[in-house]
Amino acid sequence: MKDKIKVIISNDQNVKKIPTGVRMLIRRCCNAVLVNEGFKGPAEISVSIVDDETIHKLNLEYRGVDRSTDVLSFPLGVDGVYDINNDTGAQMLGDIVISIEHAEKQAKLYGHSFDREIAFLTVHSMLHLLGYDHEPGGLELVRMREKEEAVLTQLGLVRSGSYYTMEE
């Protein structure tokens, strides 16, 4: 029997209509990461879709960075141990916050579809919820990128360009 994965998606913005299929895509991405990582047991993930203004405020409040960003991850686990939802028994992995405005801009910048960008941001953030961190760079960054691309390729969203711009 497959473990139950609950992905709670909320649209907390009104600048752009969420295209048909995006919610299902986010759920598929969350499931694919958990399968690829061999995650066991039921799990819950919360995904909020916000505007740039909202993610800017969150980025400043929680990271001390005074600008908007594409995605923020708020893991609830430490070293693979997660809080449990007492009602469902599910492990609560954490929260993902995606800026729909940033996703739209980055899809154009990187020359791929909006769906590909939303999928990338979701997969990237899911890996953070599971404890991966690319901030140190080096091998950790490479490992995370490899895992992201493996999941996106499985989902039929093959990379068409680079994620790096001159700004990074």
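What counts and how
Each chain has its residues counted from 1, running along the sequence as written. Only residues with pLDDT of 70 or above have their local features reported here, since the model is predicted, and side-chain atom pairs are shown and tallied only from 80 upward, although totals for entire chains, interfaces and linings are computed over all residues. Calculated side-chain values reflect all of the structure's heavy atoms, with hydrogen atoms and water omitted. Helix numbering and strand numbering both begin at the N terminus, where a helix is a DSSP run of H or I of at least 4 residues and a strand a DSSP run of E of at least 2. Computation of the radius of gyration draws on C-alpha atoms, with the globule rule given as 2.2 Å multiplied by the number of residues to the power 0.38. Contacts were defined at the residue level, with two residues in contact if any of their heavy atoms lie within 4.5 Å. Only the protein chains shown count as cover for residues, and the accessible areas themselves come from Shrake-Rupley with a 1.4 Å probe. Throughout, exposure labels follow a simple rule: accessible area from a 1.4 Å probe, protein chains only, divided by the maximum for the residue type, with under 20% read as buried, over 50% as exposed, and the rest as partly exposed. The pairing criterion is simple: DSSP has to find at least two bridges between the two strands. Salt bridges are defined as contacts in which a side-chain nitrogen from Lys or Arg sits within 4 Å of a carboxyl oxygen from Asp or Glu. Two cysteine sulfur atoms form a disulfide, by the criterion used here, when they sit within 2.5 Å.

A. The arrangement of the overall build of the protein in detail. Across its full length, the protein holds five helices and five strands. Moving toward the C terminus, one meets the helices and strands of the protein in the order β-α-β-α-β-β-β-α-α-α. A compact globule built from 168 residues would reach a C-alpha radius of gyration of about 15 Å, and the protein, at 15 Å, matches this within 12%. In the protein, of all internal contacts separated by at least 6 residues, the share reaching a separation of at least 24 is 67%. Here the protein displays about 9,100 Å² of accessible surface, and carbon together with sulfur accounts for 52% of that area.

B. Expanded view of unusual backbone geometry. One non-glycine residue, Asp79, lies in the positive phi region at around 50°. What makes Asp79 exposed here is its relative accessible area of 77%.

C. Main features of the pairing of strand E2 (residues 43-50). With respect to burial, E2 is a largely interior element, seven of its eight residues being buried. Alignment of strand E1 (residues 5-11) against E2, held across seven bridges, turns out to be parallel. Opposite Ile9, over in E2, you have Val47 as the bridge partner. In this structure, E2 lies alongside strand E5 (residues 91-99), joined through eight bridges in parallel fashion. Bridge pairing in E5 links Ile49 to Ile98.

D. Broad picture of the pattern of salt bridges. Scanning the entire structure with this criterion turns up seven salt bridges. In this structure, Asp52 engages Lys105 in a salt bridge whose closest nitrogen and oxygen atoms are separated by 3.0 Å. Of this pair, Asp52 sits in helix H2 (residues 52-63) while Lys105 sits in helix H3 (residues 100-110), and the two are 53 residues apart along the sequence. Arg143 serves as the salt-bridge partner of Glu140, at 2.8 Å between the closest nitrogen and oxygen.

E. Representation of the state of the cysteines within the structure. Counted under the stated rule, the structure contains zero disulfides. With no disulfide of its own, Cys29 lies 6.9 Å from the sulfur of Cys30, the closest cysteine sulfur. Taking relative accessible area as the criterion, Cys29 reaches 0% and is therefore assigned buried.

None of the figures reported here should be taken as evidence of function without further support.
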